Amino acid sequence: MRSFRMPRFALAIPAWAWLLVFFVAPVAMVVWFSFGYKPGIFGTHANDVLSFDRYLEALSPTFFQTFTNTLWIGIAGTAICLVVGLPVAYWMAVKAPPSRRGLLLALVMVPFWTNFLVRTIGWQVILAPEGWLSTALQSVGIIGGPLDLLYTRGAVLLGVVYNYLPLMILPLFVAFDRVGDPLREASKDLGAGKARTFVRITLPLARPGVIAGVLLVFIPLMGDYITATVLGGAKGNMVGQLVASQFQTAQNWALGSAMAVLLILVIMLTVAIGGLLVWLVTLPFRLQNRLVLGEPEPAASVAPRSQEVAA
Amino acid sequence: MKQRSWSDVALTVWSVAVFLFLFAPIVVIILSSFNTGRLLVSWGGFGFDAFLAIVERPVIRDAVWVSIQTGAIAALLATLLGTLAGIAMARHPGKWALWFIGLLLLVSVTPEIVDAVALLPWLVLLGQDAGLSIFNDGIVRLVVGHSLFSIAVVSYIVRARLVGLDAQLEEASADLYAKPFTTFRRVTLPLAMPAVLAGFLLSFTLSLDNTVIAAFVQVSGTTPWPVYVLSALRSGLRPEIAAVSTIMLVLTLVALGLVALVLRRAGDSATQIARTMTGS
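Being a predicted model, the structure only gives us computed values, none of them experimental. (Residues numbered from 1 in each chain as written. Chains lettered and ligands numbered in written order. Predicted model: local features only at pLDDT ≥ 70, side-chain atom pairs only at ≥ 80, totals over all residues.)

(A) Region of the structure containing the overall build of chain B. Regarding its fold elements, chain B presents 12 helices and 0 strands. Helices (α) and strands (β) of chain B occur, in sequence order from the N terminus, as α-α-α-α-α-α-α-α-α-α-α-α. For chain B, the spread of C-alpha atoms along the principal axes amounts to about 75 × 70 × 30 Å. Buried residues in chain B amount to 48% of all 280 residues. In chain B, the proportion of contacts linking residues at least 24 apart, taken out of those at least 6 apart, comes to 77%. (Helix = DSSP H or I, 4+ residues; strand = E, 2+ residues; numbered from the N terminus. Buried ≥ 20, exposed ≤ 12 C-beta atoms within 10 Å, placed from the backbone. Contact = placed C-beta atoms within 7 Å.)

In structure tokens:
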């Protein structure tokens, strides 16, 4: 060990170098492009005059609507994933027989690891106006004409909820599983009901899982390109498609780059604002909790973390 | 026997419904692969025509073969770089590791579409303006694109595994006069092995799945399978696409089963396996 000394990070140098060349450099180039402009019909980008004009152009009413649309789908999709996924994760971690947990997890992971594009196409087949779901709903009499959901914003919302739901369930499951039975039982022994135990004990302790799930769903969802392309048509446009079309069809790399940078900024800003809002809203609740619980609460939330390190 | 409360029943019903929801499109795709109709959406009858068509049409075979080649090479590369980086982060932590984790985080939160539009001009720059003709090769471009996220995933997994294991074994090995490289090969690497294998198989699956980056960086002639499907969206989806997807699903399930087996053998619980799979 002491005969020759390598720097501590020597083993990480290949990965560093690779990511610098194929991630940092190209992304930096896109940022650079975004300050340029499109010269004439045949050029894709030029940088001899630098300005913020492309950003203004990207936020002009034509494109701004796509940004708000994407943000709407992102927030609504994440919220629905949380509402749908939380009970499932709780059931898997707490109510389902422990011997079945491995199987249930595998079942959640199968769609997660099935080709993203293909399962989205599966929805296209299901939602098709001439498809069997449409026929079935019509024969029962729930809808009058053929199903009119495909190529709308509703279809995109359904698609993103479907595609990102496993990313919500898995971290929530891990978090609920880590809370463990003893604390819940103690709470019930001390006279708290089911709902009270869930709201005051289980949910606060599972908070890291909730945060992880929301981030894991929201961030990739905002940059989604495939779901909107397959299910959205012209009505359910998202920023990912806008960026792609600037590079592929419009050949305006400067504008496309500005949109890409804006997309990243919108994602970061929304996460920051969302985090701040949650922090402010739960502030009185947490202050009250601290008074009631005193010492045990920090101790209880530290314990699972040390387990995590040991695991 | 205790009566089950209504809330338990409601939870169970809800969960079963969500599982059905999760499997609905997959079941539809599997059923569609036995569709003898001309288009995916209209049912013509039951038959194996779609599977036969795969054998007959070289375009589909070539696309799948490109995907498998790319997946294998990208997974090998990501595993090599990610394992070394993961070991470095776990065993030689320091200020640099924080910067490195920051970079990995950045790689994993950047939307794929941004990577895609950034890599396209960059690879053109390297391949044509800088004259590095290797970057004009279709497989090389795909491997570069697919490796980014996988490197981050492998690094996380390997680091998480080694941080959990005490460094005493390595110290003992050094005390017994093993050279650093011997310690690395005989102690550190075997300890990290389950995570390395899991990382490899995950990277392979991620690469098979990659559509967005692949669609941008591909050169005609080496079109990977998902990009072929994406282009088929415009010209009409035929049942062959469902048939290949069914085969790919079976392959993915086998790969995932192997990962779970490897991790279980290494003594991980179901929860830990879930954490490894999601890279957290």
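Okay, back to it.
(B) Geometry of the packing of helix H8 (residues 180-209) of chain B against helix H11 (residues 239-265) of chain B. Residues and elements named next belong to chain B. Contact geometry of H8 with H11 gives a least axis separation of 9 Å together with a crossing angle of 165 degrees. One element, H8, and the other, H11, form an angle in the roughly antiparallel class. For the pair H8 and H11, the crossing hand works out as left-handed. Taking contact as the criterion, the partners of Pro194, Leu197, Ala198, Leu201, Leu202, Phe204, Thr205 and Leu208 in H8 are, on H11, Met248, Thr252, Ala255, Leu258, Val259, Val262 and Leu263. Grouping the constituent residues of the contact of H8 with H11 by class yields 13 nonpolar, 2 polar and no charged. (Axes fitted to C-alpha atoms, helices over the stretch in contact; angles between N-to-C directions. Parallel < 35°, antiparallel > 145°, perpendicular 65-115°, else oblique. Left-handed = near helix turned anticlockwise from the far one by under 90°. Nonpolar A, V, L, I, M, F, W, Y, C, P; charged D, E, K, R; others polar.)

(C) Focus on the nonpolar core. Counting residues in hydrophobic clusters, the biggest one holds 168 residues, and the most contacted among them are Phe173, Val243, Met259 and Leu263 of chain A together with Val117 and Leu119 of chain B. At 18 residues, the largest contribution of residues to this core is made by helix H7 (residues 153-179) of chain A. Setting aside chain neighbours within four positions, we find Leu263 of chain A in contact with Met222, Gly223, Val239 and Val243 of chain A together with Pro111 and Val114 of chain B. (Core = buried A, V, L, I, M, F, W, Y, C linked by C-beta atoms within 7 Å.)

(D) Quick look at unusual backbone geometry. Residue and element names in this part refer to chain A. A positive phi angle, close to 65 degrees, is found at Tyr151, a residue other than glycine. Inspection of the secondary structure assignment puts Tyr151 in the loop between helix H6 (132-140) and H7. On the basis of neighbour counts, which here come to 18 C-beta atoms within 10 Å, the residue Tyr151 falls in the partly exposed class. Positioned with a positive phi, Gln251 is a non-glycine residue whose angle comes to about 55 degrees.

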